[in-house]
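The residues making up each chain are set out below.
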Amino acid sequence: MARTALELGCETVQIFSRSPRGGKAKELSLPDVEKMRSVLEEGGIYPLVVHIPYYVNLASDDPDTRSYSIDVLVEDLRRTEVLGGKYLVTHVGHRRKEEPPESADALARVYTSLEEALGRYDGPVRILLENTSGMGREIGYTFEALGALVRSFPESQVGACLDTAHAFAAGYDWTEPDGVRKILTYFDRHVGLSRLGAMHLNDAKGTLGGRLDRHAHIGQGNLGEETFRRILTSDLLPDDLPGLLETPIDDYGDDLSNMKKIRSLRDS
Ligand SMILES: [Zn+2]
Ligand SMILES: [Zn+2]
């Protein structure tokens, strides 16, 4: 991974520390970790961001699922620390079928899960709660709900990750005139730009407010190049904010072409 990131010319990188689909995590080999860290350092690739596996549900009301999710969160916080990562990106969770969207009860369960996990981990890695698209039973797609959770914890422990495609699917229109400034100002009011640790830069296949979590190549979705240029040059965002691509790889080289595209828009 580190060598690939170096070859591609990455400035920052996001990885999974284990299979995102399930199973027990393979123990990290310390010599491998050392090698990886030195390659990243050599390339000035910083920060390393880890994404938690998809099956984690901190909002689950099933005691076994929830305690397993908390265990994975704590384990991934420790693994991220060993890997030299700065942030662990975590999805908010999924509510029960009969609960309303952004259910207060479901959000309260997430709060309790985070509180328990942080009671068992006091290292330097920060959790970044990612805004969701609100697809299916996903919670945490409004900045109000995301902010309520993020702001319940000290800034040193919990921050936020803003995914551009998820926000669009949730109904935040980046494309309207002044949309970027409006959304970031709204995010600042409810979550806090000081809490923003990273952005996921993805174009969206779905429509505005369509609650569909499908990422598109930069410039080829409903956000479009001009929107990304405005996001990347916004003076509301710090210059050193890590931007991570989660764009599809349909053909060999798609990762590099999306990266080139986003850099050309940033530097325009
Ligand atoms: Zn994610
Ligand atoms: Zn994302």
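Refer to the structure above for everything that follows.
Residues numbered from 1 in each chain as written. Chains lettered and ligands numbered in written order. Predicted model: local features only at pLDDT ≥ 70, side-chain atom pairs only at ≥ 80, totals over all residues.

## Focus: the pairing of strand β5 (residues 126-130)
Burial analysis of β5 places 5 of its 5 residues in the buried class, which makes it a mostly covered element. Here β5 shows a buried face lined by R126, L128 and E130 and a second buried face lined by I127 and L129. Sheet analysis places strand β3 (residues 87-91) next to β5, joined by 5 bridges and oriented parallel. Bridge assignment links V89 to a residue of β5, and that residue is L128. Taken together, the 4 bridges between β5 and strand β7 (residues 158-163) define a ladder with parallel strand orientation. Its bridge partner lying in β7, L129 is registered against A160. (Buried ≥ 20, exposed ≤ 12 C-beta atoms within 10 Å, placed from the backbone. Helix = DSSP H or I, 4+ residues; strand = E, 2+ residues; numbered from the N terminus. Pairing = 2+ DSSP bridges.)

## Section: the environment of L232
Its place among the elements puts L232 in helix α8 (residues 224-232). Along the backbone, L232 and L201 are 31 residues apart, and their C-alpha atoms lie at a distance of 9.5 Å. Discounting residues that sit within four places of it in the chain, L232 has contacts with L265 and R266. (Contact = placed C-beta atoms within 7 Å.)

## What about the sheet that holds β3?
Spatially, the 7 strands line up as an open sheet ordered β1-β2-β3-β5-β7-β8-β11, and their pairing is parallel. In the strand order of this sheet, the two ends are held by β1 (13-15) and β11 (243-245), each with one partner. Strand-to-strand twist across the sheet, computed as the mean angle between neighbouring axes with direction ignored, equals 30 degrees. Sheet analysis places β7 next to strand β8 (residues 196-201), joined by 4 bridges and oriented parallel. What sits directly across from A160, in β8, is L196. This element, helix α5 (residues 143-150), spans β5 and β7 of the sheet and lies at about 155 degrees to β7. (Axes fitted to C-alpha atoms, helices over the stretch in contact; angles between N-to-C directions.)

## What about helix α7 (residues 179-190)?
Taking 1.5 Å of rise per residue, the 12 residues of α7 would be expected to cover 16 Å, and the 16 Å separating its terminal C-alpha atoms lies within 8% of that figure. Taken together, the buried positions of α7 are V180, I183, L184 and F187. End-on, the buried residues of α7 take up no more than an arc of 95 degrees, which puts them together on one face. Where α7 is buried, its residues touch α5, β7, α6 (164-169) and α8. G192 occupies a position one or two residues after α7 and carries a positive phi of about 105 degrees. (Expected span 1.5 Å × (residues − 1). Arc of directions from axis to C-beta.)

## Examining the pairing of β8
Of all 6 residues in β8, 5 are buried, a share of seventy percent or more. The pairing of β8 with β11 spans 3 bridges and is classified as parallel. Residue L201 lies in a different strand from β11, and its bridge partner there is L245.

## Observations regarding helix α3 (residues 63-83)
Across its 21 residues, α3 extends 30 Å between first and last C-alpha, which sits within 8% of the 30 Å expected from 1.5 Å per residue. For α3, every residue scored as buried is listed here: R66, S69, I70, V72, L73, D76, L77, R79 and T80. Looking at the buried side of α3, the elements it contacts are β2 (48-51), β3 and α4 (104-120). At the exit of α3 stands G84, carrying a positive phi of roughly 85 degrees.

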